[in-house]
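Chain by chain, the residues run as shown.
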Amino acid sequence: MLDMLPTLLGGAWVTVELTFWSTLIGALCSFAFGIGRLSGNPVVKSVSVAYIEVFRGTSLLVQMFWIFFALPLMGVSLSPMTAGIAALSLNIGAYGAEVVRGAIQAVPKSQYEASRALNFTSWQALWYVALPQALPEMLPPFGNLAVQNLKDTALVSLITLSDLAFRAESLRNLTQKSTEIYGMTLLIYFALALVLTAVMKVLEKRIGRWKAGGGR
Amino acid sequence: MLFGYHWDLTSNWTFALSILPILLHGMLVTIEATLLGFFIAAVLGLVFAVLRGSPTRLISYPVAFIVEFFRDTPLLVQLYFLYFVLPNYGILLPAFMTGAVALGIQYSAYTSEVYRAGIEAVSRGQTEASRALNLSRADTFTRIILPQAVPRIIPALGNYLISIMKDVPVLSVVTVLEMLNVAKIIGDRTFQYLIPLTMVGGLYLLLTLFASFLVRALDTRLPKRGIPLK
C-alpha cells in the first residue's frame, strides 16, 4: 500500500500547482470583473456582467470540455495544463467577482462622499479608500472559494492531466485496490484543504489589521 | 444515432436542430439526478445538523469531523470511491443511484450548515419565552423555532439545488448519460464538438437562470416572520 504513496504524492504536487495558479489568476479575474461590474462605462459593465453570468450559470466541467475539446476547432489549441488552469480560474473568478462587488458595495456611502469632498478621482477613491476597507471583508469568502477551487482541480483529470485524481484512477486500473487508493486520495485532498484553510486564516489575520479603526 | 434520433450533418443549423432532442433527453437525466441528489442532501443534512447540535460530545465531535471531511474532498473522488469501493462490500447500486448518492453526500455538508445557521438565527429570547410559557422542548422546536427558521433556510437550500445541477456533469465519469455526456458522445461520433458543447452551455444557462428565478420568486413569497405550521 505504501509503495503507491509516492505516485499519489507526485499527483498531489500537480494538484497543488494547479490550485496555486488558478487561485491566483482567479483572484485577478475577480478584481478585474468585480470592479468592472461597478464601472460607469457601459461596455466594461456589460462585458463584466456577461462574463459573470456565463461562468456562474454553466457547469465547470462543461466550460473545461468546451475549452479543451471545442476551442481547438476554432483554431485555438491549448495544452491540458493551460486549458485546465484557464477553465478553473475563469470559473472561480466569476464567483470571486461577486464577492469583490459585494464587499465594495458594502463600504458605507459616506466614505465615497468624503473622498469626493477631498477631490479624489474615482480611481483614487477606489484604491485608497474603498479597497483597503473592502479587502478584509472579502477574505473569508475567498477562503471558501480557494477550497472550492482545490476540490474543482480534480476535474482536470478528465482532460488527461496527471493530477492526484488521475493517478488514483490509473493506480486502481493497475492494482484494483480501490479501497486503499481512494481512501488515501481522499485523505490527501482533505489534508491539502486543511493546509489551504490555515494559510487563508493567516492571511485573514494579517489583512484584518487594515479594518477601520485597526492598527491594533 | 442516439436514443433513436439521427443527426443531420448537411449544415451547422440542421445539425444543431437534429441533436436538440438528444440533448433534451440528457437534460431530463440531469434534472432527475439534481432532484434526487438534492433530496438526499436535504435529508442527510438535517440529520447531520441535528446530530451536530447534540449536547453529547461523543456524537457532535465525530459528526462535525465527518461533515468537514465531506465538504473538503472533491465530488469526483467521492464518486469514484462509492462507485468502485462499495461493490467490494456487496453494495451494488446502478450508476445513476451512485451518482445521486455522491451528490447527496457532498452537499449534505453544505445543507447541514444551512439548517444550523437558520436555527441559530432565531433569537434566543424565543426559546426562553417558550420555556416561560411551559412549552415542552419538542413543542418549542417544532412550533416556535422551526416555523421562523424555514424562511431563512429555503432560499439557501435553493441555491444549493442550483449548485448540484451544475455538478451533475461529473456523474458522466461513471457512465451516467446526462447532458454533457450525451454531447461528448455526439462529438466523439461526428468529430463536431463545438456545436453540441456550446448548446449544452446554452441549455445550462437557461436552466440555472430559470432555477434562480424560481428561488428568488419563492424567497419573496415566503412570509419573513415565519410560516404557521399546522
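Turning next to the overall build of chain A. Assigned secondary structure in chain A consists of eight helices and zero strands. For chain A, the α and β elements follow one another from N to C terminus as α-α-α-α-α-α-α-α. Within chain A, the fraction of its 216 residues that count as buried is 40%. A separation of at least 24 residues holds for 76% of the contacts in chain A among residues at least 6 apart in sequence.

Attention shifts here to the interface of chain B and chain A. Counting from both sides, the interface comprises 28 residues of chain B and, opposite them, 30 residues of chain A. Counting only elements with at least two residues in the side of chain B that touches chain A, the list comes to α2 (57-72), α3 (75-85), α7 (179-190) and α8 (194-221) of chain B. Broken down by element, the side of chain B that touches chain A gets its largest block of residues, nine residues, from α8 of chain B. A class-by-class count of the residues in the side of chain B that touches chain A yields 19 nonpolar, six polar and three charged.

Our focus in this paragraph is the packing of helix α7 (residues 164-175) of chain A against α3 of chain B. Relative orientation and spacing of two packed helices are given, respectively, by the angle between their axes and the distance between those axes. In the contact formed by α7 of chain A and α3 of chain B, the axes pass within 10 Å of each other and the chain directions differ by 15°. Here α3 of chain B runs roughly parallel to α7 of chain A, going by the angle between their axes. Seen from above, α7 of chain A lies across α3 of chain B with left-handed handedness. Each of A165, A168, E169 and R172 of chain A in α7 of chain A lies in contact with α3 of chain B, whose residues at this interface are L76, V77, Y80 and F84 of chain B. Its residues placed into classes, the contact of α7 of chain A with α3 of chain B shows six nonpolar, no polar and two charged.

Bringing unusual backbone geometry into the picture now. All names here are of chain B. Non-glycine residue N134 carries a positive phi angle of around 70°. In this structure, N134 sits in the loop between α5 (124-132) and α6 (137-167). What makes N134 exposed here is the crowd of 7 C-beta atoms within 10 Å. Even without glycine at this site, F191 takes up a positive phi of about 60°. With respect to the helices and strands, the residue F191 is situated in the loop between α7 and α8.

Before going further, it helps to spend a moment on the confidence of the model for chain B. Averaged over all residues, the pLDDT of chain B is 90; the fraction at 70 or higher stands at 97%. Across the whole predicted complex the pTM is 0.90, and at the interface the ipTM reaches 0.90.

So, about the environment of Q105 of chain A. Residue and element names in this part refer to chain A. Residue position: Q105 is located in helix α4 (residues 80-105). Accessibility expressed as a C-beta count within 10 Å gives 13 for Q105, which makes it partly exposed. Counting along the chain gives 67 residues from Q105 to L38, while the straight-line C-alpha distance between them is 8.7 Å.

Conventions we followed
- Residues numbered from 1 in each chain as written.
- Chains lettered and ligands numbered in written order.
- Predicted model: local features only at pLDDT ≥ 70, side-chain atom pairs only at ≥ 80, totals over all residues.
- Helix = DSSP H or I, 4+ residues; strand = E, 2+ residues; numbered from the N terminus.
- Buried ≥ 20, exposed ≤ 12 C-beta atoms within 10 Å, placed from the backbone.
- Contact = placed C-beta atoms within 7 Å.
- Nonpolar A, V, L, I, M, F, W, Y, C, P; charged D, E, K, R; others polar.
- Axes fitted to C-alpha atoms, helices over the stretch in contact; angles between N-to-C directions.
- Parallel < 35°, antiparallel > 145°, perpendicular 65-115°, else oblique.
- Left-handed = near helix turned anticlockwise from the far one by under 90°.
- pLDDT = per-residue confidence, 0-100.

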